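Each chain, letter by letter, is given below.
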Amino acid sequence: MIFRQLEEPVSNTYTYLLGCPDTGEALLIDPVINSIDRDLQVLQSLGLKLVYTLDTHIHADHITSAKELKQRVGSKIAAPAIDRLPCVDVGIVEATPLQLGGLKIDPLHTPGHTDGHFAYRCADRVFTGDALLIDGCGRTDFQNGDAATLYRSVVDKLFSMPDETLVFPAHDYQNRRVSTIAQEKLRNPRLGKGRTLEEFQAIMAGLDLPYPKFIDYAVPGNRACGVCPDDLPDALREYCERMSDSPQG
Ligand code: FE
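We now turn to the structure provided with this report. (Residues numbered from 1 in each chain as written. Predicted model: local features only at pLDDT ≥ 70, side-chain atom pairs only at ≥ 80, totals over all residues. Heavy atoms only, no water.)

This part covers the sheet that holds strand 6 (residues 90-92). The six strands lie next to each other as 1-2-3-4-5-6, forming an open sheet whose pairing is mixed. This sheet does not close on itself; its edge strands, each paired only once, are strand 1 (2-8) and strand 6. Across the sheet, the mean angle from the axis of one strand to that of its neighbour is 25°, orientation sign disregarded. Contacts from helix 1 (residues 36-45) reach strand 1, strand 2 (13-19), strand 3 (25-29) and strand 4 (49-54), with the element oriented near 160° to strand 1. Taken strand by strand, helix 2 (residues 66-73) contacts strand 3, strand 4 and strand 5 (76-80), and its axis lies near 160° from that of strand 4. (Pairing = 2+ DSSP bridges. Helix = DSSP H or I, 4+ residues; strand = E, 2+ residues; numbered from the N terminus. Axes fitted to C-alpha atoms, helices over the stretch in contact; angles between N-to-C directions. Contact = heavy atoms within 4.5 Å.)

Structural data, given as structure tokens:
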């Protein structure tokens, strides 16, 4: 597998490039509009053709580049079918793998952060989106989120994977890059250490997080597969500006 972990600094999002060395086909998990030029440069430098973009969920903190990548290089937009977005080309459902050359991507419905959230397993790793972060998890207070539902997704579905499975999250705010299922079961302060459902619900209810500052623009933009709104206030412009340099994260 050809693999790159790419970082978008405004929203601290990790975009994952997966490529098949035999066919030269590639996909991007959770690509961000700010870093579209960098991502295309990386694909080009590796000699790969972008076949799919694949989002884990309808994001509230950045705009996906799925639509613009489709316009620029002809990639198909893959995203959870449950969200019923008219702009999606390939509706992802659980237990129906997405084939990318010789790579098989297994979708896992992992609701709780949002109701339509999916994680994607490929070979020795799982891309957990915002369901499971390193020593954390996504918030559960917007987008039909629900703490009890997230608990079941993580404990029943993700923690039942082999201990050595690599965990690649959608974000990390402390520049950590990868974990394992064993590590999260052992030390995740919210969901690991044998936390009970009741303990997890109490932790999530007590977070007292601020209102997500970009959500009112990001969600409608992402329901259209990646449109920057015309009425974006100046204070939020950085969410739609292109990265001027090309940090590879
Ligand atoms: Fe999210």
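Turning our attention to the packing of aromatic side chains. Counting across every chain of the model gives twelve aromatic pairs. Taking the centre distance of 6.0 Å and the plane angle of 15° together, the rings of Phe-3 and Tyr-16 count as stacked. Linking Phe-3 in strand 1 with Tyr-16 in strand 2, this pair joins segments that are 13 residues apart in sequence. The pair formed by Phe-3 and Tyr-16 is uniform in burial state, with each residue classed as buried. Residues Tyr-16 and Phe-168 carry aromatic rings whose centres are separated by 5.5 Å and whose planes lie at 65° to one another, so their mutual orientation is edge-to-face. In this pair, Tyr-16 sits in strand 2 while Phe-168 sits in strand 11 (residues 166-169), placing the two residues 152 residues apart along the sequence. Comparing Tyr-16 with Phe-168 shows no difference in burial state: the two are buried. Seen from the ring of Phe-3, Arg-125 lies directly overhead, with NZ or CZ sitting 4.5 Å from the centre. (Phe/Tyr/Trp six-rings, centres within 6.5 Å; stacked < 30°, edge-to-face > 60°. Buried < 20%, exposed > 50% of the residue type's maximum accessible area, 1.4 Å probe, protein only. Lys NZ or Arg CZ within 6 Å of the ring centre and 35° of its normal.)

No statement about biological role is implied by the geometric values presented.
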